[in-house]
Amino acid sequence: MTSPADLPKLWTHEPHEYLVFRDGDKVANIDTSATPGFKGKKSDAAELQPERNERFAQLQEMLYANSRGTDDTRSVLLVLQGMDTAGKGGIVKHVVGAANPQGIRYTGFGVPTEEERKHAYLWRIRRALPPAGHIGVFDRSHFEDVLVVRVHNIVPPEVWGRRYDEINRFERKLVEDGTTIIKAAMFVSLDEQKARLSERLDRPDKYWKYNPADVDERLRWPAYQEAYQAMLERTSTDYAPWHVIPCDRKWYSRLAILELLIEALEGLNLSWPPADFDVKAEKKRLANA
Ligand code: AMP
Ligand code: MG
């Protein structure tokens, strides 16, 4: 049995180092059941996650406190991109859910509404960006506009083809303005996806997650694979790199994305904002109030 004090050591490296997309990496070769960088088992993950959730929640509160107590306008944006059943919802519930909702700005991006269709594709994205001190969470994102849009020929290739560079410029500006971007591309195997979809059909409490169109999308996996490959190659930058997350084991993908968040927040070197009042004098005043 691993002692709780040793648990963070179950990572051989910061998960970032294993998961960051590198030139030459191929979507077709991703081992979706692997647990890169993690030495422990599922039972270790179950013990470790609550502890790391707490660390994440503390850092998130510090980020939020700084935007209130100082003129720090920094923010964080977590971009979750993946096919149906990859586990995006589970990250939102079990990882992001550990933090205080007050400082979270969650947005799920579906088929554009009539209003959204009147605007350029980045319009709805800009409106959903995290304010100062917040953690934004994108459940799907602007990358749908080079994924589903490419696979379904929703706009011609010369239109979606321009979007990779445009997205890079958009993200560079965000980073320059103080947003740390964490991009997680989540991959499940076709077998695991089938098992998860079939569970949705077997459980009345999961019907709401099932969409008959998911089966059609599944059949288009080869085209999606190509689109994901292009997305990773063309939009993984030094200022906003992609991370490739194997998602057949939910306990691993949750733990990995949790560590990416913690690593990013620790990189901000946050501390609690100092009192902007005289603590001693206030204690005295309160005692007599
Ligand atoms: P879900 O995440 O299961 O609620 O599904 C949302 C659906 O919206 C997915 O099938 C996405 O591919 C689709 N979607 C998201 N963004 C776009 C977009 N820009 N154009 C077309 N479909 C989209
Ligand atoms: Mg769905």
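To start, this report covers the structure provided alongside it. Predicted model only: the values in this text are computed from it and were never measured.

Rules behind the numbers
Residues numbered from 1 in each chain as written. Chains lettered and ligands numbered in written order. Predicted model: local features only at pLDDT ≥ 70, side-chain atom pairs only at ≥ 80, totals over all residues. Heavy atoms only, no water. Core = buried A, V, L, I, M, F, W, Y, C linked by side-chain atoms within 4.5 Å. Buried < 20%, exposed > 50% of the residue type's maximum accessible area, 1.4 Å probe, protein only. Helix = DSSP H or I, 4+ residues; strand = E, 2+ residues; numbered from the N terminus. Contact = heavy atoms within 4.5 Å. Phe/Tyr/Trp six-rings, centres within 6.5 Å; stacked < 30°, edge-to-face > 60°. Lys NZ or Arg CZ within 6 Å of the ring centre and 35° of its normal. Axes fitted to C-alpha atoms, helices over the stretch in contact; angles between N-to-C directions. Parallel < 35°, antiparallel > 145°, perpendicular 65-115°, else oblique. Left-handed = near helix turned anticlockwise from the far one by under 90°. Near = heavy atom within 4 Å. Polar contact = N/O pair within 3.5 Å; in protein donor to acceptor, adjacent residues only side chain to side chain. Areas by Shrake-Rupley, 256 points an atom, 1.4 Å probe, with all protein chains shown as cover. Nonpolar A, V, L, I, M, F, W, Y, C, P; charged D, E, K, R; others polar.

1. What to know about the nonpolar core
So, point 1. Core analysis: the largest hydrophobic core is formed by 40 residues, its most contacted members being Leu78 and Leu265.
So, point 2. Secondary-structure elements contributing two or more residues to this core are α2 (42-69), β1 (75-82), β3 (135-139), β4 (179-187) and α11 (250-266).
So, point 3. With 11 residues, α11 is the single largest residue contributor to this core.
So, point 4. Apart from the residues within four sequence positions on either side, Leu78 is in contact with Ile91, Val96, Gly136, Val137, Phe138, Ile182, Ile257 and Leu261.
So, point 5. Listed in part, the 37 residues of the second largest apolar core include Leu122, Val151, Met231 and Tyr239.

2. Regarding the packing of aromatic side chains
So, point 1. Applying the stated rule across the entire model yields 9 aromatic pairs.
So, point 2. On the basis of an interplanar angle of 70° and a centroid distance of 5.3 Å, the ring pair of Phe187 and Tyr228 is categorised as edge-to-face. Remark: Tyr228 occurs in helix α10 (residues 221-235) and Phe187 occurs in strand β4; sequence separation between them is 41 residues.
So, point 3. Every member of this aromatic cluster is reached through a ring pair, and the members are Trp11, Phe38, Trp251 and Tyr252.
So, point 4. For the cation-ring pair, Arg163 lies above Tyr121, with the distance from its terminal atom to the ring centre recorded as 4.3 Å.

3. Some words on the packing of helix α7 (residues 157-176) against α10
The geometry of a pair of packed helices is captured by two quantities: the angle between their axes and the separation between those axes.
So, point 1. Where α7 meets α10, the axes come as close as 10 Å, and the angle between the chain directions of the two elements is 45°. Judged by the inter-axis angle, α7 sits oblique to α10. For the pair α7 and α10, the crossing hand works out as right-handed. Here α7 contributes Gly161, Tyr164, Asp165, Asn168 and Glu171 to the contact with α10, which in turn contributes Ala230, Met231, Arg234 and Thr235.

4. Notes on the environment of Phe38
So, point 1. The topology assignment puts Phe38 in the loop between α1 (15-19) and α2.
So, point 2. Those residues in contact with Phe38 that lie beyond four places of it in its chain are Leu10, Trp11, Asp44, Ala45, Leu48, Trp251, Tyr252 and Leu255.

5. Thoughts on the site of ligand 1
So, point 1. As a structural note, the neighbourhood of ligand 1 is formed by Asp84, Phe109, Gly110, Val111, Pro112, Arg124, Arg140, Glu144, Asp145, Val148, Val149 and Ile154.
So, point 2. Taking Val111, its main chain carries an N or O atom lying 3.1 Å from an oxygen atom of ligand 1.
So, point 3. Within the side chain of Arg124, one N or O atom sits 3.1 Å away from a nitrogen atom of ligand 1.
So, point 4. Burial of ligand 1 by the protein chains amounts to 71% of its free accessible area of 500 Å².
So, point 5. Among the residues making up the shell around ligand 1, the classes are represented as 6 nonpolar, 1 polar and 5 charged.

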